[in-house]
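If you want the building blocks of each chain, they are given just below.
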Amino acid sequence: MSHILNPPARIGLIGLGNMGRPMGACLVRAGFAVTGFDVSEGARTVFAKDSGASIAADMAAAVRDADVVITMVPDGKIVRALVESLQRDLQAGTVIIDMSSSEPMGTRDLGAKMIAAGFEFIDAPVSGGVRRAVDGSLSIMAGGDTATLDRAGPVLSAMGRTIFRTGPLGSGHAMKALNNYVSGAGLIAACEAINAGAAFGIDPGLMVDVLNASTGRNNSTEVKMKQFILSQSWGSGFSIGLMAKDIRTAGDLAEKLGVAAPLAEHCADLWDEAVARIGGACDHTEVQRFLEMYGNDDG
Ligand code: NAD
């Protein structure tokens, strides 16, 4: 079982949400035999219609004959519960790829357990959002054994343009959480600056243009501020609950490692407060609405 997983290898894809659906569609286009499963019947139906992939009515049926199982669910706790429950349904040697943004210490533990049980396991979370999931140009940060990463190469390449090997098991998830900390802190900084500038009388759209031509430019000023925030469309497809989870993961990781990261702690608290205030299902760009309300009342 050490062959490279080229199309038409069989892939069981668990999690057909905002990211899983377009990522699965890329796998289908690349010629993989994809069977999808999601606890939401609506998500299963939309995925089958949009991608032409097969769907399974239960999770075991999605993974039983699979060469590869991909998980793209909200967090590592869900991944652990579902992977452990599927153990007896998987073929020996199946490559499990957790592409969710999971907690890295948990991934180390779960991955080691699965490898000891006769499976292969790598973590390969993604960045780039729904837009880049749709066109297969995600940035992928992959951790795990080199031979397994080699085997999984064609699968990852079908969904991503840049595939970084970050080191051993769990390192992809550590990198992803840290990336989202930098991204989430940058988004809050940009929102605060726009709010202060607007209060001073500077046009917000003009401010974004200035930032993007200056040293304050970041991913949020480039692809979120006008598109989702100033337009008030709030349509990035990445929920505020998932963003808050990632930033807390980054802060906790630094703490566990004994690395000082005071801004990460504060940033995680702010994002958690935003979730408590406006609800985790809101788009993460709606943190702008939370910041506008911040300090205005006790509610
Ligand atoms: P989502 O909430 O849109 O989708 C998650 C899907 O998982 C849902 O359809 C849900 O029904 C399903 N699910 C939950 N528990 C399940 C279970 N036990 N079995 C089967 N299906 C289950 O989330 P998303 O935006 O697609 O994000 C998925 C992961 O990717 C998260 O870890 C997130 O942090 C990460 N991520 C998201 C983005 C983005 O822009 N949306 C970008 C990069 C990474």
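Below, the discussion takes up the site of the ligand. Taken together, 26 residues lie near the ligand, and Asn18, Met19, Asp38, Pro74 and Lys245 sit nearest. One of the backbone nitrogen or oxygen atoms of Val39 is found 3.4 Å away from a nitrogen atom of the ligand. Between an oxygen atom of the ligand and a main-chain N or O atom of Val73, the distance comes to 3.1 Å. Those elements giving two or more residues to the shell around the ligand turn out to be α4 (76–86), α6 (129–134) and α12 (240–256).

A few words now on the pairing of strand β2 (residues 33–37). Here strand β1 (residues 10–14) runs beside β2; their pairing, made up of five bridges, is parallel. Paired with Leu13 across the strands is Gly36, a residue of β2. Crossover connection from β1 via helix α1 (residues 20–29) to parallel β2: handedness right-handed. Taken together, β2, helix α2 (residues 41–51) and strand β3 (residues 54–55) form a β-α-β motif whose crossover is right-handed.

So, on to the packing of aromatic side chains. Two measures describe an aromatic ring pair: the distance that separates the ring centres and the angle between the ring planes. Under the criterion given, the structure shown has one aromatic pair. On the basis of an interplanar angle of 70° and a centroid distance of 5.6 Å, the ring pair of Phe290 and Tyr294 is categorised as edge-to-face. Under the relative-accessibility criterion, Phe290 is labelled buried at 1%.

A separate point is a nonpolar patch on the surface. On the surface, a nonpolar cluster with roughly 420 Å² of combined accessible area is contributed by Phe200, Ile202, Leu206 and Val210. Looking at the secondary structure, you find Leu206 in helix α9 (residues 204–212). Residue Leu206 is classed as partly exposed on the basis of its relative accessible area, which comes to 45%.

Here we come to the domain arrangement of the protein chain. As far as domains go, the protein chain holds domain 1 (10–168) and domain 2 (174–293). Here the C-alpha centre of domain 2 lies 27 Å away from the C-alpha centre of domain 1. Each partner contributes residues to the interface: domain 1 has 14 residues there, and domain 2 has 14 residues. Together, the buried faces of domain 1 and domain 2 total about 1,100 Å²; carbon and sulfur atoms form 65% of this surface. Looking at the side of domain 1 facing domain 2, the largest losses of area belong to Ser101, Pro104 and Met105, adding up to 38% of the total buried there. The interface formed by domain 1 and domain 2 contains one salt bridge. Linking Glu103 and Lys256 is a salt bridge whose minimum nitrogen-to-oxygen distance equals 3.5 Å. Connecting domain 1 to domain 2 are four residue pairs in polar contact (both at pLDDT 80 or more).

Calculation criteria
Residues numbered from 1 in each chain as written. Predicted model: local features only at pLDDT ≥ 70, side-chain atom pairs only at ≥ 80, totals over all residues. Heavy atoms only, no water. Near = heavy atom within 4 Å. Polar contact = N/O pair within 3.5 Å; in protein donor to acceptor, adjacent residues only side chain to side chain. Helix = DSSP H or I, 4+ residues; strand = E, 2+ residues; numbered from the N terminus. Pairing = 2+ DSSP bridges. Right-handed = clockwise from strand over helix to strand, strands pointing away. Phe/Tyr/Trp six-rings, centres within 6.5 Å; stacked < 30°, edge-to-face > 60°. Buried < 20%, exposed > 50% of the residue type's maximum accessible area, 1.4 Å probe, protein only. Patch = residues over 30% accessible without salt bridge, like charges linked within 9 Å, V, L, I, M, F, W, Y side chains within 5 Å. Areas by Shrake-Rupley, 256 points an atom, 1.4 Å probe, with all protein chains shown as cover. Salt bridge = Lys/Arg side-chain N within 4 Å of Asp/Glu carboxyl O. Domains from an automatic or database assignment. Contact = heavy atoms within 4.5 Å. Buried area = accessible area lost by both parts, 1.4 Å probe.

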